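What the coordinates show
Below are the chains, spelled out letter by letter.
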Amino acid sequence: MKCIIVISLLFLCYSCTMRTPGEKGKKFEQLTGDSAFIKNQALNHSRELSEMLNLPPIFNGVDSFELRLWCSGIWTRRNLFILRYTAGNWEADNYQFYTNDGGLDSLFLTAKQIPGDTVQHITSFLGKIKILPTQVAIPGFRDNTADGIGYTLEISTNSYYKYLYYHNPSRYHDDYHKTFIQLLDRLTTIFPARVLRLPSQ
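A short tour of the structure in this document, coming up. (Residues numbered from 1 in each chain as written. Predicted model: local features only at pLDDT ≥ 70, side-chain atom pairs only at ≥ 80, totals over all residues. Heavy atoms only, no water.)

Take the overall build of the protein chain next. A tally of regular secondary structure across the protein chain gives six helices and seven strands. Traced from its N-terminal end to its C-terminal end, the protein chain shows the element sequence α-β-α-β-β-β-β-α-α-β-β-α-α. For the protein chain, the proportion of its 201 residues judged to be buried stands at 39%. Entry remark: accessible area of the protein chain is about 12000 Å², with carbon and sulfur atoms responsible for 54%. (Helix = DSSP H or I, 4+ residues; strand = E, 2+ residues; numbered from the N terminus. Buried < 20%, exposed > 50% of the residue type's maximum accessible area, 1.4 Å probe, protein only. Areas by Shrake-Rupley, 256 points an atom, 1.4 Å probe, with all protein chains shown as cover.)

Glancing now at a nonpolar patch on the surface. A cluster of nonpolar side chains, namely Leu104, Leu107 and Leu109, defines an oily patch on the protein surface of about 250 Å² accessible area. Mapped onto the secondary structure, Leu104 falls in strand β5 (residues 103-114). (Patch = residues over 30% accessible without salt bridge, like charges linked within 9 Å, V, L, I, M, F, W, Y side chains within 5 Å. Salt bridge = Lys/Arg side-chain N within 4 Å of Asp/Glu carboxyl O.)

Let us look at helix α5 (residues 175-187). The terminal C-alpha atoms of α5, which comprises 13 residues, lie 19 Å apart, in line with the 18 Å expected from a rise of 1.5 Å per residue. Turning to α5, its buried residues are His177, Thr179, Phe180, Leu183, Leu184 and Leu187. When α5 is viewed along its axis, its buried side chains cluster within an angular range of 160° and face the same direction. Where α5 begins, one side-chain oxygen reaches toward the backbone nitrogen of Tyr176, 3.0 Å away; that side chain belongs to Asp174. (Expected span 1.5 Å × (residues − 1). Arc of directions from axis to C-beta. Polar contact = N/O pair within 3.5 Å; in protein donor to acceptor, adjacent residues only side chain to side chain.)

With that settled, the discussion passes to the sheet that holds strand β6 (residues 149-157). If you trace the seven strands from one edge of the open sheet to the other, you get β1-β7-β6-β2-β3-β4-β5, paired in mixed fashion. Every interior strand has two partners, whereas the edge strands, β1 (29-31) and β5, have only one. Between one strand and the next, the sheet's axes are offset by a mean angle of 10°, whatever the strand orientation. The pairing of strand β3 (residues 78-86) with strand β4 (residues 89-100) spans nine bridges and is antiparallel. Residue pairing in the sheet places Tyr85 in a bridge with Trp90 of β4. (Pairing = 2+ DSSP bridges. Axes fitted to C-alpha atoms, helices over the stretch in contact; angles between N-to-C directions.)

Let us look at the nonpolar core. One finds Leu69, Ile129 and Leu153 to be the most contacted residues of the largest nonpolar core, which totals 32 residues. Taken together, the elements giving at least two residues each to this core come down to β2 (65-73), β3, β4, α3 (116-123), α4 (126-130), β6, β7 (160-167) and α5. In this view, Ile129 contacts Leu153, Ile155, Lys162, Leu164, Thr179 and Leu183; residues no more than four positions away in its chain are not counted. Grouped together as the second largest cluster of nonpolar side chains are nine residues, Leu49, Met52, Leu55 and Phe97 included. (Core = buried A, V, L, I, M, F, W, Y, C linked by side-chain atoms within 4.5 Å. Contact = heavy atoms within 4.5 Å.)

Here's what the structure looks like:
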């Protein structure tokens, strides 16, 4: 009788710790490209920028969804745009900041809540972004521009992390760059185009 009770208790403990499909049992993917150099560069870049703004890095996943878009150019302020889903709400943050000798010099932050229907046309586009290569991994690509704006995109969920970097994407007209520009255009429904510093503005 004692043996049956022990076996029953062991089975109960095991069943309580089992992960159901679609939860954490699913393998987490870091989609930074096939190159180990690009992957290390991406994760280090994410870590350094996040630490500078006292934000947690997101390359190991988040509970729900978070998109970060970093924009930077020479002799201009930097911008970080964050779109996240947390506690049943969509939130949008814009960090405008300057750096000095590699550290944070000044910071201006705005934050607001976003209606779910405003975000839907962005999240529905992420399937294309998930399979998009980072700029240097585009077959035959050569960056023939100087200065301008660089965009670092991070997308994190509970199942994958996606990293992309594009420099002056509007200067190129292939399908890869057009797809990235389409995402920036969709983000203008939340963040002003002049702040995103799109070329048409």
